[in-house]
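Structural description and commentary
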Amino acid sequence: MSNVIIIGNGPAGISAALYTKRAGIDTTIIGRDDGALQKAAEIENYYGFSDPITGAELISNGKEGAKRLGVRFVSDEVVGLSYTEKLTVITKTNVYMADSVIIATGTARTTPQISGIKDLEGRGVSYCAVCDAFFYRNLDVAVLGNGSYALHEAKELLATSRSVTILTNGKEPEVEFPDSVTINTSPISAILGNDSLSSVQFIDGSNIKIAGLFVAIGIAGSADLARKIGAQTNGNIIEVDQNMATTIPGLYAAGDCTGGLLQISKAVYEGAKAGTEVIKYIRKQVKKISA
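Before going into details, it helps to say that this report is about the structure given with it. The written sequence of each chain sets the order in which its residues are numbered from 1. With the structure being a predicted model, the display of local features is reserved for residues of pLDDT at least 70 and the display and counting of side-chain atom pairs for 80 or more, all residues being used for whole-chain, interface and lining totals. Only heavy atoms go into the side-chain values, all of them from the structure, while hydrogens and water stay out.

What follows concerns the overall build of the protein. Secondary structure elements are defined from DSSP: runs of H or I of at least 4 residues count as helices, runs of E of at least 2 residues count as strands, and each element is numbered from the N terminus. On a plain count of helices and strands, the protein comes out with 6 helices and 18 strands. Every radius of gyration here is taken over C-alpha atoms, with the globule rule written as 2.2 Å times N^0.38, N being the number of residues. For a compact globule of 291 residues, the expected C-alpha radius of gyration is about 19 Å, and the protein comes in at 20 Å, within 12% of that figure. In terms of overall dimensions, the protein has C-alpha extents of about 60 × 55 × 30 Å along its principal axes. Within the span of the protein, comprising 291 residues, buried residues form 49% of the whole. When contacts within the protein are restricted to residue pairs at least 6 apart in sequence, those whose partners lie at least 24 apart make up 55%. In these tables, accessible area is a Shrake-Rupley quantity obtained with a 1.4 Å probe, and a residue counts as shielded only by the protein chains included in the view. For the protein, the exposed surface amounts to about 14100 Å²; the carbon and sulfur share of it is 49%. The average position of the 27 basic charges and that of the 30 acidic charges among the side chains of the protein differ by 7 Å. For every residue, the accessible area (1.4 Å probe, protein chains only) is compared with the maximum for its type, and the residue is labelled buried under 20%, exposed over 50%, or partly exposed between those bounds. By definition in these notes, contact holds between two residues if any of their heavy atoms fall within 4.5 Å. None of His or the chain ends enter the tally, which takes Lys and Arg as positive and Asp and Glu as negative. Lys charges are placed at NZ, Arg charges at CZ, Asp charges at CG and Glu charges at CD.

In this analysis, strands are considered paired if DSSP registers two or more bridges between them. Strand order in the open sheet formed by 5 strands is β3-β2-β1-β7-β18, and the pairing between neighbours is parallel. If you trace the sheet from one side to the other, it starts and ends with β3 (72–75) and β18 (251–253), each paired once. Here the average twist between neighbouring strands, direction ignored, is 20 degrees. Two strands pair when backbone bridges link them, and strand β1 (residues 3–7) and strand β7 (residues 100–103) are joined in this way by 4 bridges, in the parallel orientation. Residue pairing for β7: V4 is matched across the bridge by S100. Every angle, taken between N-to-C directions, lies between 0 and 180 degrees, and every axis is a line fitted to C-alpha atoms, over only the stretch in contact when it is a helix. Packing against the sheet, helix α1 (residues 11–22) makes contact with β1, β2 (26–31), β3 and β7, and its axis sits at approximately 165 degrees to β2.

Turning next to the sheet that holds strand β6 (residues 95–98). Taken together, the 3 strands give an open sheet; going across it, the order is β4-β5-β6, and neighbouring strands pair in antiparallel fashion. On the outer flanks of this sheet lie β4 (78–83) and β6, each paired with one strand and no other. Pairwise comparison of adjacent strand axes, ignoring direction, gives a mean angle of 20 degrees for this sheet. Pairing of β4 with strand β5 (residues 87–91), which is carried by 5 bridges, proceeds in the antiparallel orientation. When the bridges of β5 are listed, S82 appears paired with T88.

Let us now look at the pairing of β7. Residues S100 and I102 point to one face of β7 and V101 and I103 to the other, with burial holding for every one of them. Here β7 pairs with β18 via 3 bridges, running parallel. Note that in β18 the partner of V101 across the bridge is L251.

Side-chain atoms within 4.5 Å are what join buried Ala, Val, Leu, Ile, Met, Phe, Trp, Tyr and Cys residues into a set we call a nonpolar core. With 38 residues, the main nonpolar core has V89, V101, I103 and V143 as its most contacted residues. A per-element tally of this core places helix α4 (residues 148–158) first, with 5 residues. Discounting chain neighbours no more than four positions away, the residues touching V101 are V4, I5, I7, L81, L87, V89, G250, L251 and Y252. Membership of the second largest hydrophobic core comes to 22 residues, among which are I6, A12, A245 and I279.

This part takes up the layout of surface pockets. Residues are said to line a cavity or pocket when one of their atoms sits within 4 Å of a point; the points come from a 1 Å grid over protein atoms alone, cavities being sets where a 1.4 Å probe fits but cannot get out and pockets being open sets with protein on both sides within 12 Å along at least five of seven lines. Grid points are joined across faces, edges and corners, and a volume is the space filled by probe spheres set on the points. Reported here for the second largest pocket is a volume of approximately 320 Å³. Every residue lining the second largest pocket is counted, 15 residues in all, and those nearest its centre are I14, L18, Y46, G62 and V268. Looking at the lining of the second largest pocket, the elements with two or more residues in it are α1, α2 (55–69) and α6 (264–290). By residue number, the principal contributor to the lining of the second largest pocket is α1, which donates 5 residues.

With that out of the way, let us pick up the side chain of S100. Following the sequence through the fold, S100 ends up in strand β7. If near-sequence neighbours (up to four positions away) are discounted, S100 is found in contact with N3, V4, I5, L87, G250, Y252, V278, Y281 and I282.

Before going further, it helps to spend a moment on the pattern of salt bridges. Where charged atoms of side chains with opposite charge meet at close range, the side chains can pair. Salt bridge, as used here, is a side-chain nitrogen of Lys or Arg placed within 4 Å of a carboxyl oxygen of Asp or Glu. According to the stated counting rule, one finds 11 salt bridges in the structure shown. Salt-bridge contacts for E270 lead to K266; the nearest nitrogen and oxygen are separated by 3.2 Å. With a gap of 4 residues between them, E270 and K266 both fall in helix α6, about one helical turn apart. Here E270 matches K266 in class, with each residue buried.

Moving on to α1. Each helix should span, by expectation, one fewer than its residue count multiplied by 1.5 Å. The terminal C-alpha atoms of α1 lie 17 Å apart, and with 12 residues this matches the ideal 16 Å at 1.5 Å per residue to within 8%. For α1, the set of buried residues is A12, G13, I14, S15, A16, A17 and T20. Check the buried side of α1 and you find it contacts β1, β2, α2, β3, β7 and α6. Two residues or fewer after α1 comes G24, characterised by a positive phi angle close to 85 degrees.

As structure tokens, then:
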């Protein structure tokens, strides 16, 4: 049976699921939390409600409607996206294969306020190990982060780099890292380099020399996931066509992660559009296989 995985359980993701499930496609939504909408105290500019409704209530209603149709919800953190025999979604605890994937996780990406980090983006500072590990093969690199996302990036880099150091910037590690990784918990004062990254300086005056720094704080955002599989992005925005399709066949995006008006109504529309396009895409693939 053909299946779709939707990353993100907000309005865009749930809207897409309503269409794909009703079309007979096995539909799974993977989400870590309910995003920024759950914090909205009152929503009174959304069609269909005579009185204000909280964001938490709106999300709950959406989820219950999707569950009634048989949409499967998985509470987990997505840390990677790749392609093997099929599109592959990697979470903290599992690996899922899909005929199609919709990214609908918003736009948030955590950039730390550390001196020098923005100046050296693209010149030693990276946000995607899968994309850039090749450029640092046999060199010393570091990953900035302390959770599952940082662990995923470190594992990618271990295959090619001479050494990998986890920089937690004063925080305690939230996960268990491989023994081959060095962990440094010292608070960072600056990222140093002229034309390219040369070292990381700590508040205590010490420093380490590295050729690359991979930022993996918090959870992987939408654009981070898209870049891992080679989809075209523009900053924190995933570029899509009029059908919500990315540059990777079978991969779609909807909601805040595509830019434009950051409103629930826009997210619901894009989710519906992505869902209907996934139906067409999967049915075409099935016809090709049957032919």
